Amino acid sequence: MTPVLEAQDITVRRNGRVVLNINNLTVNAGEVLTLVGPNGAGKSTLLHVMARLIEPERGRLIFQGRVLSPRDNLAYRRRIGLVLQAPLLLNASVIDNVMTGLSFRHVAKKEKNKRADSWLNQFNIGHLRDRPARQLSGGESQRISLARAFALNPDLILLDEPFSALDSPTRIKLLDDFQALLADTNMTTVFVTHDMNEALLLSNRVAVI
């Protein structure tokens, strides 16, 4: 079966120093692949390369059997979801934040509301749909970010340490809910963490950097 994404011979330099060197890494359909390693190992750099936010010095990404070029970036980004460590929320309601990506993709209003409400409920924040997003807690804010990414129905979702800034009780609860959701959706996922317990809880496969 063709991998969803393959990174080949990736090299990234900063200030003349190699910060990432990956010979080959594949992401298979339906799996949760976790990238683990110490701070500074290049986990987030690799994820940002996968999101086409960083252009490597050399190497290539192959998405669903096709080599990506710079002119493919916009179309590719519309096929993926990205969640960062710090939630990036608009000064708007919860439901409007979740519908943001769908609006950029010109999804019809009725379908936008349906998909946004469905994912808010799956992340257990449907009761907050009309609240100002920036007035919510850290855990609730990250649930909004996750719902926004999943509402896109992406072919691939990329998660950059989305739970690391949360307090322990909030983190544990969100991890439990997220584990169940990944099992239900079979979403192809790349997850970055420095916490091996998170990796073992969520992953089908672990790549150590």
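Located above this text is the structure these notes cover.
Within any chain, residue numbers begin from 1 and follow the written order of that chain's sequence. Given that this is a predicted model, residues contribute local features only at a pLDDT of at least 70 and side-chain atom pairs are listed and counted only at 80 or more, while totals for whole chains, interfaces and linings are drawn from all residues. Excluding hydrogens and water, the side-chain figures rest on all heavy atoms present in the structure.

## Some remarks on the overall build of the chain
And then number 1: Helix and strand counts for the chain stand at eight helices and nine strands.
And then number 2: Based on the C-alpha atoms only, the size of the chain along its principal axes is roughly 45 × 40 × 35 Å.
And then number 3: For every residue, the accessible area (1.4 Å probe, protein chains only) is compared with the maximum for its type, and the residue is labelled buried under 20%, exposed over 50%, or partly exposed between those bounds. Counting all 209 residues of the chain, 53% fall into the buried class.
And then number 4: Per-residue accessibility takes into account occlusion by the displayed protein chains alone, with areas from the Shrake-Rupley method and a 1.4 Å probe. Carbon and sulfur atoms provide 48% of the accessible area of the chain, an area that totals close to 10,300 Å².
And then number 5: The centroid of the 26 positive side-chain charges in the chain is displaced by 7 Å from the centroid of its 20 negative side-chain charges. In this description a helix means any DSSP run of H or I spanning at least four residues, a strand means any run of E spanning at least two, and both kinds are numbered starting from the N terminus. Charged residues are defined narrowly, with Lys and Arg counted positive, Asp and Glu counted negative, and His plus the chain ends left uncounted. Each charge is placed at NZ for Lys, CZ for Arg, CG for Asp and CD for Glu.

## Structural notes on the sheet that holds strand E4 (residues 58-63)
Working definition: the strands of a sheet are paired by backbone hydrogen bonds and lie parallel or antiparallel to each other.
And then number 1: In spatial order, the strands read E2-E1-E4-E5; together these four strands make up an open sheet with antiparallel pairing. Among the strands making up the open sheet, the edge pair consists of strand E2 (17-27) and strand E5 (66-67).
And then number 2: Sheet topology places E4 next to E5; two bridges connect them, and they run antiparallel. Among the inter-strand pairings, Phe63 is bridged to a residue of E5, identified as Arg66.
And then number 3: When checking whether two residues touch, look at their non-hydrogen atoms; a contact exists if any pair is within 4.5 Å. Under this scheme, a helix contributes an axis fitted over its contacting stretch, all axes are lines through C-alpha atoms, and angles between N-to-C directions fall in the 0 to 180 degree range. Most of the contacts of helix H1 (residues 43-50) go to E2, to which it runs at about 60°, and overall it touches strand E1 (5-14), E2 and E4. For two strands to count as paired, DSSP must find a minimum of two bridges between them.

## A look at helix H5 (residues 109-122)
And then number 1: What a helix should span is 1.5 Å times the count of its residues minus one. With 14 residues, H5 extends 20 Å from end C-alpha to end C-alpha; this agrees with the ideal 20 Å at 1.5 Å per step.
And then number 2: Those residues of H5 that fall on the buried side of the exposure criterion are Lys112, Arg115, Ala116, Trp119 and Leu120. Looking straight down H5, one finds its buried side chains confined to an arc of 130°; they lie on one side. With respect to the buried face of H5, the exposed residues turned more than 90 degrees away are Lys110 and Lys114.
And then number 3: In this structure, the buried residues of H5 make contact with helix H3 (94-98), helix H4 (100-104), helix H6 (138-150) and helix H7 (168-185).
And then number 4: Taken from the residues just after H5, Asn124 is the one with a positive phi, measuring 60°. Think of it as the arc spanned by the lines of direction from the helix axis to the C-beta atoms.

## Side note on the packing of H6 against H7
And then number 1: In the contact formed by H6 and H7, the axes pass within 11 Å of each other and the chain directions differ by 15°. For the element pair H6 / H7, the angle class is roughly parallel. The handedness of the crossing between H6 and H7 is right-handed. Between H6, through Gly139, Gln142, Arg143, Leu146 and Phe150, and H7, the contact on the second element is made entirely by Thr170, Lys173, Leu174, Asp177, Phe178, Leu181, Leu182 and Thr185.
And then number 2: When the residues that make up the contact of H6 with H7 are grouped by side-chain class, the tally is six nonpolar, four polar and three charged. In these notes the angle categories are as follows: under 35 degrees is roughly parallel, over 145 is roughly antiparallel, 65 to 115 is roughly perpendicular, and the rest is oblique. By the definition used in this description, the sense in which the near helix is turned from the far one sets the handedness, with an anticlockwise turn below a right angle giving left-handed and a clockwise turn giving right-handed. Residues are grouped as follows: Ala, Val, Leu, Ile, Met, Phe, Trp, Tyr, Cys and Pro are nonpolar; Asp, Glu, Lys and Arg are charged; every other residue, Gly included, is polar.

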